[in-house]
Structures are given as C-alpha cells and as structure tokens.
Number of protein chains: 2
Amino acid sequence: MKAAEKAYQELRSSIIDGSHPPGSRIIEQEVAAAAGVSRTPVREALRRLEAEGLLRFVPNQGAFVRSWNAQDVEDIFELRAMLEGYAARLAARSASDAQVAELQSLAEQQRDAARRRSRGWLNRVADLNARFHDLLQEAAQSERLAATLATLSNLPLVLQTFRDYQDEDLERSAHHHLELVEAIKARDPVWAESVMHAHVMAARRVFRTLHSNGKD
Amino acid sequence: MKAAEKAYQELRSSIIDGSHPPGSRIIEQEVAAAAGVSRTPVREALRRLEAEGLLRFVPNQGAFVRSWNAQDVEDIFELRAMLEGYAARLAARSASDAQVAELQSLAEQQRDAARRRSRGWLNRVADLNARFHDLLQEAAQSERLAATLATLSNLPLVLQTFRDYQDEDLERSAHHHLELVEAIKARDPVWAESVMHAHVMAARRVFRTLHSNGKD
DNA sequence: TGACGGTTAATTGTATACAACCCGGGGGGC
DNA sequence: GCCCCCCGGGTTGTATACAATTAACCGTCA
C-alpha cells in the first residue's frame with residue numbers, strides 16, 4: 001500500500017473508533033510516526049480527511065478532529081435522506097439482476113442476524129448494513145453521487161449509531177432494507193426513494209432521542 | 001497568500017476557463033512553475049481539486065481534468081436541485097433581515113442588468129447570480145451543506161451555462177430569484193425550497209437542449 | 001500580585017533531493 | 001517483417017532539510 005493511503009487509513013480509523021476525540025488536535029509528526037511514513041504523505045491524507053469533513057484546518061495550527069452541533073447532525077441526516085434516496089431511485093432504474101440478488105441476500109442475512117443474536121451479532125449487523133448501502137450506491141452507477149455520499153455516510157456519527165438501536169429499531173431497519181429490495185425488483189424508483197427516505201429519517205429519530213437527554 | 005492557496009486558485013481558474021480542457025493531464029512541475037511555488041503545495045492543491053471533483057487521480061500517473069458524460073450532468077443538476085432546495089429551506093427559516101434585504105438587492109440588480117444590457121452585462125449577471133446563491137448558502141448557516149454544495153456549484157459546467165441563456169431563460173432566472181426572496185420574506189420554507197428546485201430544473205433544461213444536438 | 005514582553009521550543013508550511021514507477025523508442029531475436 | 005524485451009527520459013511519490021509562524025513559559029516591571 002502507498003504511504004499516503006496507509007496514513008489515511010490509519011488516521012481515519014483512529015478517528016472513527018474514537019482514539020482521536022472530536023476537537024482534539026492532530027500532530028502531523030505523530031501520525032507519520034504511527035504509520036511509519038514521513039510527513040509528506042501524511043499531509044495529503046489530512047487534506048483528504050478535511051475534504052471528507054472529518055477534519056478541520058486552522059492556518060498555521062494544523063488539523064483538528066471535527067466536532068458537530070445539533071444543526072450539523074440535522075443537516076447530515078437531511079442530506080443523507082435526500083442523497084441516499086436519490087441513490088435508491090437510480091438503483092431501481094439500473095441495478096443488474098445480480099446486484100438485486102446480492103442486495104436481497106444482504107438484507108435477509110441482516111434480518112436473520114438481528115433475530116438470532118449469535119456471538120458478535122452486532123458487528124455483523126453493522127457490517128451487513130454498511131455493505132447493503134455500499135452496494136446500493138454501486139448499483140446507482142453514479143460516481144458523483146458516490147463521492148458526495150461518502151463524505152456523509154462514513155462519519156463516526158453514522159457508523160456508530162447502530163450500536164444504540166433498540167430491538168424495534170433493528171427490526172424496522174431490516175424491514176426497510178427488504179422493502180427496498182422489493183421496490184427495486186419492481187423497478188419502482190419512487191417507491192424505492194420513499195422507503196430510503198423513511199429509512200434515514202428513522203435513523204435520525206433514534207439519534208435524536210439518544211442525544212436529546214444526555215451529554216452536550 | 002499561502003503558496004498552496006495560490007497554486008489552488010491559479011489551477012482552478014485555468015481549469016474553469018478552459019485552459020486545461022477535460023481529459024488533459026496536469027503536470028505538477030508546470031503548475032508549480034506557473035504559480036511560482038514548489039511541487040509540495042501544488043500537490044495539496046491537486047488533492048483539494050480532486051476532492052471537489054474537478055480532477056481525477058490515476059496512481060503513478062497523476063491528475064487529469066475530469067470530464068463528464070450525460071449521466072454526470074444529470075446527477076449534478078439533480079443533486080444541486082436537492083441541496084440548493086434545502087439551502088433555500090434553511091434560509092427561509094434563519095436568514096437575517098439584513099441578508100434578506102441583500103438578497104432582494106442582488107435579485108433586483110440582476111433583473112435590471114439583464115434588461116438594460118449595458119456593456120459587460122453578461123459577466124455582471126453571472127456575477128450577481130453567483131453572489132445570490134452564495135449569500136443564500138450563507139444564510140442557510142450550514143457549514144456541512146455549504147461544503148457539499150461547493151463541489152457541485154463551482155463546476156465549469158454550472159458557471160458557464162449562463163452564457164448560453166436565451167432572453168426568456170434570463171428573465172425566468174431573475175423571476176425565480178425575486179420569488180425566492182418573497183418566499184424567504186414570508187418565512188415559508190416549503191415555498192422557498194420549491195422555487196429553488198424549479199430554478200435548478202430550469203437550468204438543467206437549458207443545458208440539455210444546448211447539448212443534446214451538438215458535440216459529445 | 002498581575003500584566004506585559006521577549007525568548008524559545010514545537011509545529012506547520014515550503015523547498016529540494018532522491019527513489020519508484022510508467023511509458024515510449026530502439027535493438028535484437030524468431 | 002513482426003514481436004518482445006530492455007532501457008532511458010520524464011513524472012509521480014516520498015523523505016528530509018529548512019523557513020515561518022505560533023503558543024507558552026519565564027522573568028521583569030509597574
């Protein structure tokens with residue numbers, strides 16, 4: 001793997017897993033040492049992460065892990081609802097039969113994993129969920145859309161919310177995915193978009209109730 | 001100005017004005033020489049432009065000016081319609097009185113400039129249009145939204161379409177802006193969003209008719 | 001004691017040097 | 001004559017050295 005890519009991956013995952021909490025400062029030298037590369041590729045990785053909205057640059061002070069307020073959270077979910085909805089719309093038009101089958105398989109696996117609750121089920125469900133959304137974006141066949149969505153869907157905010165789902169939330173999520181597959185099978189763009197919109201709005205609701213009576 | 005910023009500005013404008021046509025390769029050394037800086041800040045500028053969707057990187061081959069197909073164009077307008085619509089929605093909620101007044105002023109100036117056709121009116125209209133959209137985004141008060149929209153609104157595609165507007169298109173554009181101001185004054189988010197959506201859809205129509213019976 | 005200023009250490013920003021890699025041209029083999 | 005391989009120029013990718021800027025510490029003075 002290229003040095004810049006390595007630095008990017010390492011820093012990114014350490015932001016997402018919380019090793020670098022929001023607001024904390026990123027020292028180029030430390031990242032470089034951790035990844036075993038020089039500062040040059042690290043700086044490129046930092047710029048990429050800035051573009052993705054994970055970092056914030058202050059001139060002559062470097063990079064800080066981006067934090068979000070209530071408005072940011074609202075925006076992120078609102079934008080995701082629109083963009084993932086659009087992705088679903090496109091997928092309903094142009095997904096291949098193989099992709100539809102794969103989507104159905106992922107949705108069914110997710111439903112079963114959430115029901116069975118065998119060891120490590122939570123990580124498994126989160127992984128299946130991520131793969132479902134990724135595959136849907138791929139089926140939408142829009143580089144521009146994928147690039148835009150990447151900056152909204154790969155946030156700690158989004159990736160970790162899953163861990164706080166209640167039983168009914170998990171069930172609803174699985175149902176949404178299954179319904180989406182049906183809508184795509186039926187080649188019904190409007191139906192697909194509507195389901196996806198509801199899917200994200202439901203996720204926003206979970207997040208809101210979690211963070212309204214709590215910290216910050 | 002910082003070297004990286006300088007390189008970014010120079011390269012960016014030379015892409016937008018067509019000096020570097022779509023598909024052409026960008027040589028780091030040339031950009032560095034043109035901007036009077038070294039290759040290091042140039043590489044950062046290239047990464048930024050990649051994140052904004054103006055460039056495409058091929059490993060070990062460097063950067064190429066991004067080109068678009070019909071699907072890309074559709075996506076860009078579709079995404080802009082959704083996102084700028086959302087911006088209008090937010091602006092209707094939280095624009096200050098001063099911002100509303102400024103928006104109105106800009107819209108009226110644009111209308112008058114398009115009517116009078118005094119010297120340099122086209123550039124003037126394009127500038128007023130850009131300032132209107134920028135101010136609207138500012139009034140929306142969403143960093144995340146602004147960042148996402150920046151990668152969609154600052155494309156050659158969008159910025160140059162204006163030059164091809166017919167009289168009726170220019171008039172409609174000015175009317176949309178004036179109506180938007182009314183909707184925001186009335187603090188009516190749904191109205192504002194609808195008008196903006198129509199505004200972008202109208203722009204898409206102009207672009208479609210221009211490029212359907214022509215090149216690529 | 002508290003505020004101000006200078007000095008220094010740490011960090012970012014930039015330039016330069018070097019290594020890795022790609023691509024095209026020329027020569028040799030079949 | 002055609003194909004393959006090797007090599008050299010050019011470009012990207014990375015490391016290191018140096019300049020510019022910041023922030024903090026410490027001492028001095030009111």
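Computed from a prediction, not measured in an experiment: that's the story for all the values here.

Cut-offs and rules
- Residues numbered from 1 in each chain as written.
- Chains lettered and ligands numbered in written order.
- Predicted model: local features only at pLDDT ≥ 70, side-chain atom pairs only at ≥ 80, totals over all residues.
- Heavy atoms only, no water.
- Near = heavy atom within 4 Å.
- Polar contact = N/O pair within 3.5 Å; in protein donor to acceptor, adjacent residues only side chain to side chain.
- Nonpolar A, V, L, I, M, F, W, Y, C, P; charged D, E, K, R; others polar.
- Least-squares fit on C-alpha atoms with pLDDT ≥ 70 in both.
- Contact = heavy atoms within 4.5 Å.
- Helix = DSSP H or I, 4+ residues; strand = E, 2+ residues; numbered from the N terminus.
- Expected span 1.5 Å × (residues − 1).
- Buried < 20%, exposed > 50% of the residue type's maximum accessible area, 1.4 Å probe, protein only.
- Core = buried A, V, L, I, M, F, W, Y, C linked by side-chain atoms within 4.5 Å.
- Axes fitted to C-alpha atoms, helices over the stretch in contact; angles between N-to-C directions.
- Parallel < 35°, antiparallel > 145°, perpendicular 65-115°, else oblique.
- Left-handed = near helix turned anticlockwise from the far one by under 90°.

1. Some details on the protein's contact with DNA strand D
Next, step 1: By nearness alone, 18 residues border DNA strand D, and Ala3, Ser38, Thr40 and Gln61 of chain A together with Arg39 of chain B come closest of all.
Next, step 2: Sugar and phosphate atoms constitute 69% of the interface atoms of DNA strand D, taking the interface as everything within 4 Å of the protein.
Next, step 3: Within the backbone of Ala3 of chain A, a nitrogen or oxygen atom sits 2.7 Å from a phosphate oxygen of DNA strand D.
Next, step 4: Within the contact set of DNA strand D, a phosphate oxygen lies 3.1 Å away from a backbone nitrogen or oxygen of Ile26 of chain B.

2. Some details on the protein's contact with DNA strand C
Next, step 1: Close to DNA strand C lie 18 residues; Arg39 of chain A together with Ala3, Ser38, Thr40 and Gln61 of chain B are nearest.
Next, step 2: Take the atoms of DNA strand C that sit within 4 Å of the protein: sugar and phosphate atoms are 68% of them.
Next, step 3: One of the backbone nitrogen or oxygen atoms of Ile26 of chain A is found 3.2 Å away from a phosphate oxygen of DNA strand C.
Next, step 4: Here a phosphate oxygen of DNA strand C and a side-chain polar atom of Arg43 of chain A are 3.1 Å apart.
Next, step 5: A class-by-class count of the residues in the surface near DNA strand C yields six nonpolar, seven polar and five charged.

3. Here we look at the relation of the copies chain B and chain A
Next, step 1: When chain B is fitted onto chain A, the two copies agree to an RMSD of 0.0 Å after a turn of 180° and an axial shift of 0.0 Å. Given the turn and translation reported, the copies of this chain are related as if by a two-fold rotation axis.
Next, step 2: Interface overlap between copies is the fraction of interface residues in one copy that are interface residues in the other; for chain B against chain A it reaches 100%, indicating a shared surface.

4. Observations regarding helix H4 (residues 70-94) of chain A
Next, step 1: Taking 1.5 Å per residue as the helical rise, H4 of chain A with its 25 residues ought to reach 36 Å, and the 36 Å between its terminal C-alpha atoms agrees with that figure.
Next, step 2: Of all 25 residues in H4 of chain A, 20 are buried; the element is thus mostly enclosed.

5. Concerning unusual backbone geometry
All names here are of chain A.
Next, step 1: One non-glycine residue, Asn60, lies in positive phi territory at about 65°.
Next, step 2: Assignment of secondary structure puts Asn60 in the loop between strand E2 (55-58) and strand E3 (62-65).
Next, step 3: A relative accessible area of 69% means that Asn60 is categorised as exposed.
Next, step 4: Non-glycine residue Arg187 carries a positive phi angle of around 55°.
Next, step 5: Owing to a relative accessible area of 34%, Arg187 belongs among the partly exposed residues under this scheme.

6. So, the nonpolar core
Next, step 1: Residues Leu145 and Ile184 of chain A together with Leu145 and Ile184 of chain B are the most contacted members of the largest nonpolar core, which totals 132 residues.
Next, step 2: The residues touching Leu145 of chain A, leaving out its near neighbours within four places in the chain, are Leu83, Tyr86, Ala87, Leu90 and Ala140 of chain A together with Leu79 of chain B.

7. Looking at the packing of helix H1 (residues 3-16) of chain A against helix H3 (residues 39-51) of chain A
All names here are of chain A.
Next, step 1: The N-to-C vectors of H1 and H3 enclose an angle of 50°; their axes lie 8 Å apart at closest approach. Comparing the axis directions of H1 and H3 gives the class oblique. For the crossing formed where H1 meets H3, the hand is right-handed. Here Ala3, Ala4, Glu5, Ala7, Tyr8, Leu11 and Arg12 of H1 lie close against H3, whose contacting residues are Pro41, Val42, Glu44, Ala45, Leu46, Arg48 and Leu49.
Next, step 2: When the residues that make up the contact of H1 with H3 are grouped by side-chain class, the tally is ten nonpolar, no polar and four charged.

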